[in-house]
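Working through the structure, step by step
Listed below, chain by chain, are the residues.
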Amino acid sequence: MPFAQSRLLRPFINIFALFLLICVARAERINHEGRILGPMPAVTNVILFNTPEADAIMSGLQIFPRDNAWNEDISRRPLLTNSDAMMGQIFSDLAANRRTAQAFQEMNFVLVPANQPPVPIQFDTYADESDPSPYPFPANTPIEGWPTQTGSQSLFDWQKDINGVGGDRHAIVIQPGSGFAWETWSTDLVVANNATNWTAANGAKWNLNTNALRPAGWTSADAAGLPMLGGLVRYDECERGMVEHAMRLIVKRTRRAYIYPATHAASTTNLVDLPAMGQRLRLKAGFTIPSGWTKEEKAILKGLQKYGAIVADNGGFFSISVVPDNRWPSGAFSHFSSLSITNFEVVQSTGPTEGPRSPGAPQVSAGADIATQVGVAVSLRGTVVYTNPAPLTTTWSLYSGPRQVTLSNPSLTNASAIFSAPGTYTLLLKADNGIHTPAFDAVVVSVSDAIQLRMRRNGTNAMLEWQGGTPPYTVEKATTLSATQWQPLLTTNGTNLALSSFSGSAFFRVKGQ
């Protein structure tokens with residue numbers, strides 16, 4: 001009789017296998033592209049840009065807010081009414097052999113800890129439009145062009161410009177711990193009387209956590225009054241496969257005007273078909289990215305189609321700014337110069353309170369993290385807060401995991417998911433209205449094999465055996481099928497339990513971690 005009654009255990013175990021453990025929800029840092037940034041690595045020492053340590057930090061750093069102009073998806077923006085005329089002017093301004101895009105290796109950067117000692121910098125040209133020093137410049141602050149464009153010169157010699165090369169000589173220092181970056185133009189290290197001092201034409205301090213601009217009419221280390229950091233093509237993002245922001249763009253001539261997010265003009269010409277500082281260009285959606293181009297070029301082209309490029313300065317080329325990283329492989333940008341300017345168009349830019357920065361952005365929550373078992377349909381618990389009349393699209397998708405996931409009604413916040421293999425999965429909930437930066441949130445689902453339990457006689461003893469689940473296991477016993485009657489027998493990493501001289505009736509269950 002006791003063994004006959006124990007058969008009631010198996011349907012109960014199957015019911016127990018459906019139990020979902022709802023964990024405490026944890027906030028995910030997700031950028032505007034829907035990439036989970038993860039915990040921000042600590043910066044405890046000075047780190048140069050061309051290192052794996054810098055890659056890890058920059059990969060986890062949100063450079064300016066998600067709705068910042070540099071991070072704005074302009075792939076659906078309407079064209080400027082005079083787009084064709086403006087592109088024609090940009091094209092004709094250039095010499096015949098310069099009417100293609102160029103990838104110039106220019107600005108670099110250095111990362112410093114929060115306690116980096118600030119040093120004085122003498123501003124000798126635009127001191128009245130500079131954020132006052134001191135700036136946290138380390139001794140090994142790199143200057144524009146180093147090391148790929150400076151030959152065999154040491155960093156120290158290039159800082160001093162011992163050969164009088166001149167040029168723009170920009171410098172960028174990032175302090176992730178404080179959330180600020182400092183940028184200078186025409187930067188030199190002056191060595192005299194056994195002392196070293198920094199000089200620059202001007203300098204600007206940027207808050208990486210806000211959309212704050214320079215005062216209207218002010219320049220920055222860049223002619224347009226823009227930050228340079230937000231528009232640089234970096235090694236780490238090309239390795240990931242896409243540049244996730246607008247790119248810093250140089251054209252031959254601009255008109256005497258600036259539009260958001262620029263704050264400064266650098267021209268005496270009022271020709272309306274010339275771009276203003278801050279003008280936004282986009283690689284046409286119809287341009288097919290060649291399969292034979294390098295991964296670096298493909299990453300740039302994808303970014304140019306989605307985020308575009310922002311006019312930041314005047315120069316002799318149609319060029320974007322690439323970090324001069326000595327890890328770029330030979331020929332990384334060899335095809336880029338065959339990209340004709342005619343493949344670009346000018347879009348209508350948004351203002352400080354328009355587009356992604358306008359009121360009514362959606363907010364989403366993917367719900368608390370979940371633990372479940374293989375083959376069990378899980379009801380997801382997403383929520384959306386939205387008051388904007390614009391149509392909203394919500395979508396669940398698999399972000400990461402060992403196998404594919406079957407999603408039923410993925411456009412619903414309470415979609416269901418079935419997992420075919422154990423492991424840790426991350427599902428992403430996205431809400432997009434085509435105006436604002438898409439809202440993202442993630443839920444982590446821990447999937448284990450369902451525990452299958454059987455009971456058999458072994459002489460006068462009873463033997464419990466199980467498989468599946470994740471140890472440690474807790475074996476519990478009850479005399480009735482009541483939620484309050486379960487008593488723990490033991491916790492074990494094993495998969496069986498012998499019950500000596502078993503008699504009477506009882507129910508047993510096994511719970512995994």
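Computed from a prediction, not measured in an experiment: that's the story for all the values here. (Residues numbered from 1 in each chain as written. Predicted model: local features only at pLDDT ≥ 70, side-chain atom pairs only at ≥ 80, totals over all residues. Heavy atoms only, no water.)

1. A word on the overall build of the protein
Note the threshold: Secondary structure counts use DSSP, requiring at least four H or I residues in a row for a helix and at least two E residues in a row for a strand, with both numbered from the N terminus. C-alpha atoms define the radius of gyration, and 2.2 Å times the number of residues to the power 0.38 defines the globule rule. For every residue, the accessible area obtained with a 1.4 Å probe (protein chains only) is divided by the maximum for its type, and the residue is called buried under 20%, exposed over 50%, and partly exposed between those limits. Should any heavy atoms of two residues lie within 4.5 Å, those residues are counted as being in contact. The Shrake-Rupley method, run with a 1.4 Å probe, gives the accessible areas here. Residue values count only the displayed protein chains as cover. Charge counting treats Lys and Arg as positive and Asp and Glu as negative, with His and both chain ends excluded. Every charge is mapped to an atom, namely NZ of Lys, CZ of Arg, CG of Asp or CD of Glu.
Counting its regular elements, the protein contains seven helices and 30 strands. Against the compact-globule benchmark of 24 Å for 513 residues, the protein has a radius of gyration of 30 Å, which places it well outside the compact range. If one aligns the C-alpha atoms of the protein with their principal axes, the spans along those axes are about 100 × 60 × 40 Å. Here the protein holds 513 residues, and the buried ones make up 51% of them. Counting only contacts in the protein whose residues sit at least 6 apart along the sequence, the fraction spanning at least 24 positions is 69%. Surface summary for the protein: the accessible area is close to 22,300 Å², and the carbon and sulfur share equals 52%. One finds the centroid of the 39 positive side-chain charges in the protein at a distance of 12 Å from the centroid of its 38 negative side-chain charges.

2. Comments concerning the nonpolar core
We count it as follows: To form a nonpolar core, buried Ala, Val, Leu, Ile, Met, Phe, Trp, Tyr and Cys residues must be joined to one another through side-chain atoms within 4.5 Å.
In terms of nonpolar packing, the biggest core is built from 85 residues, with Ile174, Ile300, Leu304, Phe318, Phe336 and Leu339 touching the most fellow members. For Phe318, the contacting residues outside a window of four places in its chain are Ile90, Leu94, Thr100, Ala101, Gln102, Leu249, Ile250, Val251, Leu281, Ile341 and Phe344. Grouped together as the second largest cluster of nonpolar side chains are 19 residues, Val405, Ala421, Ala431 and Ala439 included.

3. Details of helix H4 (residues 83-93)
An α-helical turn contains 3.6 residues, so a residue and the one three or four places further along point in the same direction. To keep things clear, this is the line we draw: Throughout, the arc means the angular range of directions from the helix axis out to the C-beta atoms.
Of the positions making up H4, those classed as buried are Ser83, Met86, Met87, Gln89, Ile90 and Asp93. One side of H4 carries all its buried residues, which in axial view fall inside an arc of 155°. The secondary structure elements touched by the buried residues of H4 are strand S11 (247-251), strand S12 (280-283), strand S14 (318-322) and strand S15 (344-346).

4. Section: the confidence of the model for the protein
How we decide: The predictor's confidence in any single residue is recorded as pLDDT, a number from 0 to 100.
Looking at the protein, pLDDT values average 92 and 95% of them are 70 or higher. In the predicted structure, residues 1-25 sits below a pLDDT of 50 and forms 53 contacts with residues beyond four places in sequence or in another chain.

5. Comments concerning the pattern of salt bridges
In plain terms, the rule: Between Lys or Arg on one side and Asp or Glu on the other, a salt bridge is scored when a side-chain nitrogen of the former is within 4 Å of a carboxyl oxygen of the latter.
One pass over the structure, following the stated rule, counts 24 salt bridges. For the salt bridge of Glu465 with Arg454, the shortest nitrogen-to-oxygen distance reads 2.8 Å. Residue Glu465 is located in strand S26 (residues 461-467), and its partner Arg454 is located in strand S25 (residues 452-458); the two are separated by 11 residues in the primary sequence. Overall, Glu465 belongs to the buried group, its relative accessible area being 19%. Connected through shared salt-bridge partners, Glu106, Asp222, Arg248 and Asp313 make up one network.

6. What to know about helix H7 (residues 295-306)
Operational definition: In this scheme, a helix's expected span is set at 1.5 Å multiplied by one less than its residue total.
In this model H7 runs 17 Å from its N-terminal to its C-terminal C-alpha over 12 residues, within 8% of the 16 Å that 1.5 Å per residue would give. All buried positions along H7 are accounted for by Glu296, Glu297, Ala299, Ile300, Leu301, Gly303, Leu304 and Gln305. Contacts from the buried residues of H7 go to helix H6 (235-240), S11, S12, strand S13 (309-314), S14 and S15. Just beyond H7, the residue with positive phi is Gly308, at close to 75°.

7. A few points about the pairing of S14
To keep it simple, the criterion reads: Whether two strands pair comes down to DSSP finding at least two bridges between them.
Buried residues dominate S14, accounting for five of its five residues. Burial of the side chains of S14 extends over both faces: Phe318, Ile320 and Val322 are buried on one face and Ser319 and Ser321 on the other. In this structure, strand S3 (residues 101-105) lies alongside S14, joined through five bridges in parallel fashion. Within S14, the residue paired with Gln102 across the bridge is Ser319. Pairing geometry for S11 and S14, over two bridges, is antiparallel.

8. Let's talk about the sheet that holds S26
Our working rule: Whenever a helix is involved, its axis is fitted only over the stretch in contact; in every case the axis is a line through C-alpha atoms, and angles between N-to-C directions fall within 0 to 180 degrees.
If you trace the three strands from one edge of the open sheet to the other, you get S25-S26-S29, paired in antiparallel fashion. Strands at the two margins of the open sheet, each flanked by one partner only, are S25 and strand S29 (496-499). Strand-to-strand twist in this sheet, taken as the mean axis angle between neighbours without regard to direction, amounts to 15°. Where S26 meets S29, four bridges bridge the pair, whose relative direction is antiparallel. Its bridge partner lying in S29, Ala462 is registered against Leu499.

9. Here we look at the packing of aromatic side chains
Operational definition: Ring pairs shown here join Phe, Tyr and Trp side chains whose ring centres sit within 6.5 Å, with only the six-membered ring taken for Trp; geometry is labelled stacked below 30 degrees between planes, edge-to-face above 60, and tilted in between.
Counted according to the given criterion, the structure contains 15 aromatic pairs. Ring geometry for Tyr135 against Trp182: centres 6.4 Å apart, planes inclined by 45°, an arrangement best described as tilted. Linking Tyr135 in the loop between strand S5 (121-123) and helix H5 (155-160) with Trp182 in strand S7 (residues 180-185), this pair joins segments that are 47 residues apart in sequence. Residues Tyr135 and Trp182 agree in their burial class; the two are buried. Among the aromatic residues, ring-to-ring pairing joins Phe123, Tyr135, Phe137, Phe180, Trp182 and Trp198 into one connected group.

10. Some remarks on the pairing of S11
Both faces of the sheet carry side chains from a regular strand, because those side chains alternate between them. Burial analysis of S11 places five of its five residues in the buried class, the great majority of the element. Across the two faces of S11 the burial is the same, with Met247, Leu249 and Val251 and Arg248 and Ile250 all buried. With five bridges joining them, S11 and S13 adopt parallel strand pairing. Within S13, the position partnered with Arg248 by the bridge is Ile310.

11. Remarks on the sheet that holds S3
As summarised here, the arrangement of the six strands in space is S3-S14-S11-S13-S12-S15, forming an open sheet in which the pairing is mixed. Here the strands that pair on one side only, and so sit at the sheet edges, are S3 and S15. Neighbouring strand axes in the sheet, compared pairwise and without regard to direction, differ in orientation by 40° on average. The sheet contacts of H4 involve S11, S12, S14 and S15, and relative to S15 the element is tilted by about 125°. Its contacts with the sheet place H7 against S11, S12, S13, S14 and S15, and it is angled at close to 125° to S12.

12. A short note on the side chain of Ser220
The following threshold applies: Each polar contact in these results corresponds to two N or O atoms within 3.5 Å; when the atoms are within protein, one needs to be able to donate a hydrogen and the other to accept it, and residues that are neighboring in sequence are counted only if both atoms are side-chain atoms.
Secondary-structure assignment places Ser220 in the loop between strand S10 (202-207) and H6. Take Ser220: its relative accessible area is 2%, and that puts it in the buried class. A distance of 2.8 Å separates the side chain of Ser220 from the backbone oxygen of Leu226, its partner in a polar contact. Apart from the residues within four sequence positions on either side, Ser220 is in contact with Asn202, Ala204, Trp206, Arg214, Gly225 and Leu226.

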